[in-house]
Every structure is written in C-alpha cells, then in structure tokens.
Amino acid sequence: MPAIFSDGMVLQQLQLVRVWGTADAGEEVKLTFGDQSHSMLTASDEKWSVTLNPMNANATPTDLVVAGKNTITIRDVLVGEVWICSGQSNMQWTVKQAGNADAEIAGANHPLIRMFSVERNPSMTPQEDCKGTWKAATSANVGDFSAVGYFFGRHLHQVLKVPVGLINTSWGGTRIEAWTSREALEERPCANELLADWRDHTAQWDAAKAQAAFEKQKADWQAEVKKIDEANAKLPADQKKTKPRAPRPPEDPTKTPHHPSVLFNGMVAPLVPYGIKGAIWYQGESNASRAYQYRELFPAMISNWRDEWGQGDFPFYWVQLADFRDEKAEPVESDWAELREAQTMTMAKLPNTGEAVIIDIGEGKDIHPKNKVDVGHRLARWALARDYGISVPYRSPQYKSMKKDGGKITMSFEFVDGNGWRPFDVRNPVGFAIAGDDKKFVWADATILQDGRIEVSSKEVADPVAVRYAWADNPVCNMYDNAGLPLTPFRTDDWPGVTINNT
C-alpha cells in the first residue's frame, strides 16, 4: 500500500473514501475497518481499490486491516477532516522557523492532529507512491512541519473538536507550472512557449559540457573575488566593493523542481485519490514576473487537481502574496501587485475558492515573514465559514465600483464587515493613488463617507479616471474592516501591466 496509508493516518469523514494498493492479479483482498468489511479481486494490472462508506468523525484509534496472501495492519487510524497544504517556501516554512517558535512548540499537545510531510521528489512521470510518515502534533514533531499548515489545522481542530489530518507537499522557490500536470499545461495556450523552452533545454542538455562551463565560471569568479579582497584590504569600510555572487552549479533539467509538471508527478499524483476535504495554497513569488500568465496557470492548476481527485469542486483557499521589498516614496508599477491581482481574479473564475489577504503582515527585508499564525487563522476563517457553518467574518473587503464626480472619485466596496471600516494607526485612509488619462499616479487624499464608500482626490489631478490601493511590492496602507480583515489590494484601471508579455 502507498505510504499515505500508514500508522496514525486520518481518513476524511462524511464521504466515500478510497483505499488502494497492489497484489497479485486475481488475489482476493479483504479490508476491515470498524464495522465495515469489503472484499474484491485484484485486477490484471495487479491493482486493487476498495471504497469505504461515509463515516462520522471518530477520535478513537482504530486498526485498518487489509488481508490477502499477507496481512497489513495500519494502526491508530482516526476519522476527521483532511486538508492538503501545498505551495512554495512560505508553505514549506516550518513552525521552528516562524515567530514565537519556542512557545508554540512547547505548547503543542494535539494528539488528534496528524501531520504527513511528502518527501521532495521531482519526477518526469507520474508516480504512484511517495515517502512520508504520519506524526501527531506534539512538541516533538510540530517544529519540522509547515507553520501555515499547522496553525490552520490547529484552529480547525480547536473549533470543530474533531481529528484533523494535514498533508504537507511543498517546496521552496518553485513555480506553479511544476505543480500542474503535463496534460493540463498543454491545454493552456499561455504555456506553449514555456513548454517549448523546456523541451529544447532538455533535448540540448549535455552534462559534461555544462559542468565544464561551470568550472570555468567558478574559476573566473574565484579570481574576481580574490582581486576584490585584495583591493578591499586597502580601503575604508564605507568604500569596500561588493563581491559578486558565486555561479550556480549546473542542474539537470529532468531533475530540477522547476521543470513543468515534475512536482505534480512526484508530490501530488501519489496522493490521488486519498480522501480530502480541501486544499490550502501559498505560492506565487516565483511566478511574479509572469503575473498575467498566472491569471491562466493558477485556475488551470486548481481545476487540474480537482479533476484528478474526482471529488468535484473541493474547497481551495490560498494566501495572497504579502508585502515585500523596499517601500517607495511615489506610486510605481509592480509585478508583485499584478500577481496579487491575478490571485484575486481566480475567485471569480472558479467556484468554492477563497483568498486570505495578508498585505499587512509581510516583512520588507524578508520574503518569509515570520507571522504564520495570522496566515493560518485567515485561511481557517474561510474553511470555518464556508465549509463548516461557523458564523465568522472570513472574506477581506474588495473593490466593487467607482463613480466620478468632477475632480473626485467615490468607490463602493463589498464584503465589508457590517460595522464598517477601521483604518489602522491613523484616522484617514492611507495607500490610495489616483491618476488622469496620462496614467501618472500620485498619492490621493481619501475620506470615508458615512455610507461606507471612500472618496479620493488630489490637487495634482484635476480630471481623475483611475484609482489604485496598496499597489506596490510593499505598499504603505491601513484599511481594515471592523472584523480585522484588510482591504484587498486593487486597481480600477485595466492599463497594460509590466508583466503582460512575459510567458
């Protein structure tokens, strides 16, 4: 049986659950779990599959027994809520790397939360198994698990009072195309050039030639560093020259995690069709330079996963990119802002999706902000409200429409908590920019009207036509609703962005 079926696992409650493995062709396999017993004959391809009837949540450890010519006993099995946790480094980032790590680890005593981390494995072909083990969320184990995944699952467990299974399959620095099947990518015209580039790169790969080129680059780099070190030894500290980065070793295109589909093949396909409630996702940094393309690739990946699992439109919630890099004195264009926009657009394209906005808790100096607790909680709000019937605010306010009146623009919003706005730190809204037909944005003066609309203007723009909010890599902005959820970054214009032609 695949590794996902192992001691300590959690099975999804209230739905049909597939259990599968291999045996000799024609071998009878009998599966027993609780009061259920099912038998089948193994097919000619030596594969068998059994479907368990829907079960209620059960925190009492139970054995799952599979018997054929041999017997496999999987112990300590619980029934509850199972979620996939996936993406790049901000999902991979562990509890011990997050803020307040020592206290969080010391306080971790949740034996009914089970965690499974998929071992990294890029593969050019779909795999049927992966490596990993289920572990209880105790002080001994949580430190090495996804912080976002753990804080999300812990909040669900505390509210729902049922076992929670978390499956972490993530890898830092990876791109969305690596997490999407080859077939799904080939259906997207926006991926044609990307796939062609990789085909050419793979066909032309010569390991010996690449290594020889690297050795020369390394020798040249070492010589340059030596020269700079010698020069710096004679210079004062404020005049010392910066050393160049070391060249990167060559990477076999068939073994890199960046090749299209390899992470889907090696780290997602082995989990299909394990019963899940839904998925949470934190990724996009590595696709920011291709934000317009992400408008297609992101919903394509979600649809791809849903098709593969065959569970319909299961819940899929993601984290919008946090604020990062230097703050700017004037409004500027931003590929990160365009990527955030692409993420937000996905909610309108696919049902049962949602976005946790965290434009307020990033760190300009660090692409991996340490505050993962609030990230997990904002994701959990979506699940609690949409999937478990808990009455909590969950969706960040969004721009709805605008009305121009002379030199002012008044904007309306939706999904604002019933008690209205609560600007942070200062009374007036901060983070709005305004422009005329010349497309030159300047900071705007903003006022909250009694009906909740926001009016913006600037003495520098007599005839405004467009407004933007929090439109930057690291915007200075302060708008929350009274539920404490930040206003989603937006723009009212559709002027071509800086990444529009990048594929």
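Since the structure is predicted, the reported quantities are computational estimates derived from the model, not experimental observations.

1. Description of helix α8 (residues 291-309)
What sets the pattern is the α-helix's 3.6 residues per turn: residues three or four places apart point alike.
Part 1: For α8, with 19 residues, the first-to-last C-alpha span of 27 Å sits near the 27 Å given by 1.5 Å per residue.
Part 2: By the criterion of burial, α8 is predominantly enclosed, with 15 of the 19 residues buried.
Part 3: Remark: Gly-310 follows α8 within two positions and exhibits a positive phi of approximately 65°.

2. Focus: unusual backbone geometry
Part 1: Here the bond from Val-272 into Pro-273 is cis, since omega is 5°, no more than 30 degrees from zero.
Part 2: On the secondary structure map, Pro-273 appears in the loop between α7 (262-268) and β11 (278-282).
Part 3: Located in the positive-phi region is Leu-14, a residue other than glycine, with phi close to 60°.
Part 4: With respect to the element layout, Leu-14 can be found in the loop between β1 (10-12) and β2 (17-22).
Part 5: We note that Arg-325 has phi near 80°; this positive angle belongs to a residue other than glycine.

3. Here we look at the sheet that holds strand β21 (residues 490-491)
Part 1: Pairing is antiparallel across the open sheet formed by 4 strands, whose spatial order is β17-β16-β20-β21. Because the sheet does not close on itself, it has two edges, and the strands there are β17 (442-443) and β21.
Part 2: Relative to β21, strand β20 (residues 466-469) runs antiparallel, the two being bridged by 2 bridges. Within β21, the position partnered with Arg-468 by the bridge is Arg-491.

4. A word on the environment of Arg-325
Part 1: For Arg-325, the position within the fold is in the loop between β12 (316-319) and α9 (335-349).
Part 2: Here the alpha-carbon distance between Arg-325 and Ile-367, two residues 42 residues apart in the chain, equals 7.9 Å.
Part 3: Apart from the residues lying within four places of it in its own chain, the contact partners of Arg-325 are Asp-335, Trp-336, Gly-364, Asp-473 and Asn-474.
Part 4: At a separation of 3.2 Å, a polar atom in the side chain of Arg-325 contacts the side chain of Asp-335.

Conventions used here
- Note that residues are indexed from 1 along each chain, following the sequence as it is written.
- The predicted nature of this model means local features are confined to residues of pLDDT at least 70 and side-chain atom pairs, given and counted, to a pLDDT of 80 or more, with totals for whole chains, interfaces and linings taken over all residues.
- Hydrogen atoms and water are omitted, and side-chain values are computed over all heavy atoms in the structure.
- Segments assigned H or I by DSSP are reported as helices when at least four residues long, segments assigned E as strands when at least two residues long, and all are numbered from the N terminus.
- By this rule the span expected of a helix is its residue count minus one, scaled by 1.5 Å.
- Each residue is placed in one exposure class: buried if its accessible area under a 1.4 Å probe, protein chains only, is under 20% of its type's maximum, exposed if it is over 50%, and partly exposed if it falls in between.
- At least two DSSP bridges between two strands are required for those strands to pair.
- Residue contacts follow a heavy-atom distance rule, with two residues in contact if any of their heavy atoms lie within 4.5 Å.
- Polar contact is defined as a pair of N or O atoms within 3.5 Å, subject to the rule that within protein one atom must be able to donate a hydrogen and the other to accept it, and that residues adjacent in sequence are counted only when both atoms are side-chain atoms.

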